[in-house]
Amino acid sequence: MNSFTGVHTLYVQPEAIENIYSRKTLSVEDLSALELDSKERTTLGFLEKKAFDWTNCRNLFLVLTADSWGTKQTAIVRVGHGCVDLVKDFGRSSIFGLKPRNKEQNMALNTLTDEMVRCQVICGRAGGGKTLLALATALHLLFEQKLGYEKLILTRPMSPVGKDLGSLPGEVNEKFLPYLNNYFDNIDILMGRNGRGYLERAVEKGQIEFLPLQLIGGASWHNAIVIADEVQSLTSEEMYALGTRPASGSKLILLGDFRQRYGKRGDLTKTGLYQLVNSPVAHQAKEIAIIELLKTERSRMAQLFGDIFTEED
């Protein structure tokens, strides 16, 4: 399955690496002039890459790679409006106590914390840190930065793993509670033993809300951070409904793993997430950022199962 990952390797002359570290930014025109052509890449032994017009992709991360007298040099930049900027290293700081464990997680934090980005899409394997990164950023923006957000809305489909268990007892909130364990577990990681109490107080104050994805019809979310997890199986119509709910001052974070559709195979390219991730309109929009997390950080076992059961649709 070929899908847009939000990251592209660009082979350049060493001067590009030197300039980006000294100036922190380069114009798209200047960087294009320093890109190696096919012959130069072959001479240096770099892998041949499929032709790709990176200049039209906003919020695309470029891994600049150069050969300086036999020594490989790299720098990571992000494409902006007519320029590329050196990305911030969150390994030297933290977001709500969280530090990235790999370069893709660091890239995600760069766009998650950017107020120009109103829709962040994070794809990748189970255990890659999607929910943890999203929650840490949301709590940071809501409670530490205080940028005008009034609440955090956590949603996801009420879809079980395996066969449907049928109708669960209780009111809507009671029915939805079993599907929220991914959020609770990650809040425990971020906040320790006090996390659940903190969460309960925030819910009582209306600062955090839980909402089944099936009940979003007609909603209009103002000044809210919305995290929608497990969206990989949504149809294009369902993704449209979700993406049109946020109103002024809101930020939408979409999380999904194409490998976790739990038997809902069908045509992957017809899912709403795949269409969004691979949309040229999304690639060119300054408000949308897309990143795929490649590494599993949960455990060695999770990494192995990801390798074993990776399949092409």
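What you see is a predicted model, and the numbers here were worked out from it, not measured in a lab.

Considering the sheet that holds strand E10 (residues 251-256)
Strand order in the open sheet formed by six strands is E8-E7-E9-E10-E6-E11, with parallel pairing between adjacent strands. Of all strands in the sheet, those bounded by a partner on one side alone are strand E8 (208-212) and strand E11 (288-293). Recorded for the sheet is a direction-independent mean angle of 15 degrees between the axes of neighbouring strands.

Points about the packing of helix H4 (residues 103-112) against helix H5 (residues 130-145)
Their axes nearest at 10 Å, the elements H4 and H5 cross at an angle of 30 degrees. In this structure, H4 crosses over H5, and the sense of that crossing is right-handed. From H4, Gln105, Ala108, Leu109 and Leu112 reach across to H5, where they touch Leu133, Ala134, Thr137 and Leu141. Within the contact of H4 with H5, the residues separate by chemical class into six nonpolar, two polar and no charged.

Quick notes on the side chain of Thr111
With respect to the helices and strands, the residue Thr111 is situated in helix H4. A polar side-chain atom of Thr111 sits 2.6 Å from a polar atom in the side chain of Gln120. Those residues in contact with Thr111, other than ones at most four positions away along the chain, are Asn59, Phe61, Arg78, Val117, Gln120, Lys251 and Ala289.

Side note on the pairing of E10
In terms of burial, E10 is a largely internal element, six of the six residues being buried. Side chains Lys251, Ile253 and Leu255 project from E10 onto one buried face, and the interleaved Leu252, Leu254 and Gly256 project onto a second face that is buried too. When strand E6 (residues 119-124) meets E10, the two strands line up parallel, connected through five bridges. Of the residues in E10, the one forming a bridge with Cys123 is Gly256. Where strand E9 (residues 224-228) and E10 come together, four bridges link them in parallel fashion. Looking across to E10, one finds that Ile227 is bridged to Ile253. This β-α-β element, E9 to helix H9 (residues 236-243) to E10, shows right-handed connectivity.

Some remarks on a negative patch on the surface
Among the surface-exposed residues, Glu15, Glu18, Glu29 and Asp30 lie close enough to one another that they form a single negatively charged patch. When contributions to the negative patch are tallied by element, the ones reaching two or more residues are helix H1 (14-23) and helix H2 (28-33). Mapped onto the elements, Glu18 comes out in helix H1. We classify Glu18 as partly exposed; its relative accessible area is 49%.

With respect to a nonpolar patch on the surface
On the surface, Met301, Leu304, Phe305, Ile308 and Phe309 cluster together into a nonpolar patch covering about 530 Å² of accessible area. Tracing the chain through its elements places Phe305 in helix H12 (residues 300-308). For Phe305, a relative accessible area of 45% translates into the label partly exposed.

Overview of helix H8 (residues 195-204)
When H8 is considered as a whole, its buried residues turn out to be Gly195, Leu199 and Ala202. Buried residues of H8, viewed axially, fall in a sector of 65 degrees; they line one side. Turned more than 90 degrees away from the buried face of H8 sit Glu200 and Glu204, all of them exposed. Contacts from the buried residues of H8 go to H5, helix H7 (181-191) and E8.

A short note on unusual backbone geometry
In this model, Lys24 sits at a positive phi of 70 degrees, which is unusual for a non-glycine residue. Relative to the helices and strands, Lys24 resides in the loop between H1 and strand E2 (25-27). Residue classification places Lys24 among the partly exposed positions, given a relative accessible area of 47%. Residues other than glycine seldom take positive phi values, yet Phe96 does so here, at roughly 55 degrees. Take Phe96: it is sitting in the loop between strand E5 (83-86) and H4. Judged by relative accessible area, Phe96 falls into the buried class, the value being 14%.

As for the pattern of salt bridges
Summed over the entire model, instances satisfying the criterion amount to eight salt bridges. Where Arg78 meets Asp114, a salt bridge forms, and the shortest distance between an N and an O atom there is 2.5 Å. One end of the pair, Arg78, is in strand E4 (residues 71-79); the other, Asp114, is in the loop between H4 and E6, and 36 residues separate them in sequence. For Arg78, a relative accessible area of 15% puts it in the buried group.

Considering the confidence of the model for the protein chain
Detailed reading of the predicted coordinates is not advisable wherever pLDDT falls low. Across the protein chain, pLDDT averages 88, with 90% of residues at or above 70. Of the regions scoring below 50 in pLDDT, residues 160-166 engages in four contacts with residues more than four places distant in sequence or in other chains.

A few points about the packing of aromatic side chains
Scanning the entire structure with this criterion turns up four aromatic pairs. Aromatic pair Tyr11 and Phe46: ring centres 4.4 Å apart, planes at 15 degrees, arrangement stacked. Placement of Tyr11 in strand E1 (residues 7-11) and of Phe46 in the loop between helix H3 (38-44) and strand E3 (61-68) is noted, with a sequence separation of 35 residues between them. Overall, Tyr11 belongs to the buried group, its relative accessible area being 9%. Consider the rings of Phe143 and Tyr198, whose centres lie 5.7 Å apart with planes at 80 degrees: the pair is edge-to-face. Of this pair, Phe143 sits in helix H5 while Tyr198 sits in helix H8, placing them 55 residues apart in sequence. Residue classification places Phe143 among the buried residues on the basis of a relative accessible area of 18%.

Calculation rules
- Residues numbered from 1 in each chain as written.
- Predicted model: local features only at pLDDT ≥ 70, side-chain atom pairs only at ≥ 80, totals over all residues.
- Heavy atoms only, no water.
- Pairing = 2+ DSSP bridges.
- Helix = DSSP H or I, 4+ residues; strand = E, 2+ residues; numbered from the N terminus.
- Axes fitted to C-alpha atoms, helices over the stretch in contact; angles between N-to-C directions.
- Left-handed = near helix turned anticlockwise from the far one by under 90°.
- Contact = heavy atoms within 4.5 Å.
- Nonpolar A, V, L, I, M, F, W, Y, C, P; charged D, E, K, R; others polar.
- Polar contact = N/O pair within 3.5 Å; in protein donor to acceptor, adjacent residues only side chain to side chain.
- Buried < 20%, exposed > 50% of the residue type's maximum accessible area, 1.4 Å probe, protein only.
- Right-handed = clockwise from strand over helix to strand, strands pointing away.
- Patch = residues over 30% accessible without salt bridge, like charges linked within 9 Å, V, L, I, M, F, W, Y side chains within 5 Å.
- Areas by Shrake-Rupley, 256 points an atom, 1.4 Å probe, with all protein chains shown as cover.
- Salt bridge = Lys/Arg side-chain N within 4 Å of Asp/Glu carboxyl O.
- Lys, Arg positive; Asp, Glu negative; His and termini not counted.
- Charge placed at Lys NZ, Arg CZ, Asp CG, Glu CD.
- Arc of directions from axis to C-beta.
- pLDDT = per-residue confidence, 0-100.
- Phe/Tyr/Trp six-rings, centres within 6.5 Å; stacked < 30°, edge-to-face > 60°.

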